[in-house]
Amino acid sequence: MASRLDDLTQQRLDKLERIRNRGIDPYPRSYQRTHTSEEARELLRKNEEAGKSEPEVISIAGRIMAIRKMGKSSFADIQDGSGKIQLIFTGSVLEKEAEAELFKDLDIGDFIGVKGGLMRTRTGEPTVHVDEFALLSKSLLPLPEKYHGLQDVDARHRQRYLDLISNQEVKDTFRMRSRIIAAIRNYLSDKGFLEVETPVLQPSAGGALARPFITHHHSLDCDFYLRIALELHLKRLIIGGFDKVYELGRIFRNEGISIKHNPEFTMLESYQAYVDYRDVMDMLEDMVSSVIREISGDFKFNYGDNIIDFTPPWQRLDLRETILKYSSIDFMQFPDAVSLRNEMQKLDMEVDSNKDRGRLIDELLSTFVEPHLVQPTILYDYPLDMSPLAKKKPGYDNIVERFEAYVCGMELANAFSELNDPIDQRQRFVNQQRNRGKDEEQEVIDEDFLVAMAYGMPPTGGLGLGIDRLVMLLTNQQSIREVILFPQLREKE
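A few points on the structure. (Residues numbered from 1 in each chain as written. Predicted model: local features only at pLDDT ≥ 70, side-chain atom pairs only at ≥ 80, totals over all residues. Heavy atoms only, no water.)

**Notes on the packing of helix H13 (residues 422-434) against helix H14 (residues 447-454)**
Logical step 1: One can describe the packing of H13 onto H14 by two numbers: an axis separation of 9 Å at closest approach and a directional angle of 160 degrees. When the axes of H13 and H14 are compared, the pair comes out roughly antiparallel. For the pair H13 and H14, contact is made by Pro422, Gln425, Arg426 and Phe429 and by Glu447, Phe449, Leu450, Met453 and Ala454, respectively.
Logical step 2: When its residues are assigned to classes, the contact of H13 with H14 shows six nonpolar, one polar and two charged. (Axes fitted to C-alpha atoms, helices over the stretch in contact; angles between N-to-C directions. Helix = DSSP H or I, 4+ residues; strand = E, 2+ residues; numbered from the N terminus. Parallel < 35°, antiparallel > 145°, perpendicular 65-115°, else oblique. Contact = heavy atoms within 4.5 Å. Nonpolar A, V, L, I, M, F, W, Y, C, P; charged D, E, K, R; others polar.)

This is the structure:
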């Protein structure tokens, strides 16, 4: 027995056949439009202000979102990339046999182009009085129910095209994302940074603690990794003589999926010669707060139930003191993984026996501290165990110059005074490899990077900023999937 969807699809296929039989191409190559719907509304407003009474003839195009028949006239709403506008079809066009037959075979979802006079109806609605029209694309599947749009979350993410057609606020979110990225690029360009591109396929996965995706290069007959960070190639460019570089690029980490994590995400990484992590703190505060003010007009905005204030300077807290405050554990008193694990178990924590000391400290941070970091906060001075690419803090053997920025319990940014001692860097990589055990998320040794460092790398401050999470904050979205156009999803059965 055929479903209702099958019946509706067949009806549209029948209409498509009738249209073809009348010698009409239902999928023409182009249509010459003079205005978008937004431009048409603005043109009407200006003409009214200028006192013009004669309707201006324009051509517009878009997808039919509604059709309403009212006596001898019919109304339709079409939607293009800038919004919607109303059309009115009257006897002047519908009394023509060919046009009338074509109009009968139009459906919601079809694309049409129209030419006619721009006017305002009695109810004040900007409208195009149609003199002629053309079918531009016949839709063979019905759109989601017009009054409720596409509501099913899984369907919205799997069929983002329907989500964008049905839900204007989703379009607004991704327009906002584009504006945020453009503002970041403009800020960095004004500061003298050079935007660059580095390889996505890499012979070794370095620059972060993460499990990589692996693929095979057939021509070279060897395995490559999708990059888990931008860091090591950008540092090569600092070594090569660029003083300020950045990349906005996709990162791939073969890890869990949650409302805060997607295996493929967008990261900004920037590197600047002759500065340290304190300088990068100041730059991060200035950049993010400047972008927020440019986008929203203020440093403050709503996120969930909170009003978030990005006015600089942000709160700055010592990591050791903050973990001690919220967990009662001073990690400096526990010099190895075994002693720290035993102390954590006293708090009834389930602790993975394969995690090293650095990962255990990170677990203390995520469990006890992150939920308290609602307003923009910088945590600084991390243990060496967590930061194999950061420079040691003067006077400390086990603390490095690293900070992370948090907002609403989410990590937003990560930064170092970059280690530039090639001998120390090699030894740290070797130590991590020795302690790796069963943990797949450990730094690997990139020999070419170590060779590059041996030629000399200036003092450098590096920054990583999560673009998706920044967009989440500025668009008040609780899930990262709402700010990624095509998030990874489990395959449907």
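There is more to say, and it comes next.
**As for the sheet that holds strand E4 (residues 111-120)**
Each strand in a sheet pairs with its neighbour through backbone hydrogen bonds, running either in the same direction (parallel) or in the opposite one (antiparallel).
Logical step 1: Pairing is mixed in the closed barrel, where five strands are placed in the order E1-E2-E3-E5-E4. Mean inter-strand twist for the sheet, computed between neighbouring axes without regard to direction, equals 50 degrees.
Logical step 2: Note: E4 against strand E5 (residues 126-137), 10 bridges, orientation antiparallel. Across the sheet, residue Gly116 finds its bridge partner in E5, namely Val130.
Logical step 3: Lying on the sheet, helix H4 (residues 97-104) is in contact with strand E1 (56-70), strand E2 (73-80), strand E3 (83-89) and E5; it crosses E5 at an angle near 80 degrees. (Pairing = 2+ DSSP bridges.)

**Overview of the pattern of salt bridges**
Logical step 1: Across all of its chains, the model carries 35 salt bridges by this definition.
Logical step 2: Between Glu42 and Arg45 there is a salt bridge, with its nearest N and O atoms 2.3 Å apart. In this pair, Glu42 and Arg45 both sit in helix H2 (residues 37-49), three residues apart, roughly one turn of the helix.
Logical step 3: Here Glu42 falls in the partly exposed class, since its relative accessible area comes to 31%.
Logical step 4: Here Glu343 ties to Lys346 by a salt bridge, and the two come within 3.3 Å at their closest N and O atoms.
Logical step 5: Residues joined by salt bridges that share partners form a network here, namely Lys15, Asp107, Asp110 and Lys138. (Salt bridge = Lys/Arg side-chain N within 4 Å of Asp/Glu carboxyl O. Buried < 20%, exposed > 50% of the residue type's maximum accessible area, 1.4 Å probe, protein only.)

**Section: the side chain of His35**
Logical step 1: Position of His35 relative to the elements: it lies in the loop between helix H1 (4-21) and H2.
Logical step 2: One polar contact links His35 to Thr34, side chain to side chain, over a distance of 2.7 Å.
Logical step 3: Apart from residues no more than four positions distant in its own chain, His35 is found in contact with Ala40, Leu43, Ile58, Ser59 and Ile60. (Polar contact = N/O pair within 3.5 Å; in protein donor to acceptor, adjacent residues only side chain to side chain.)

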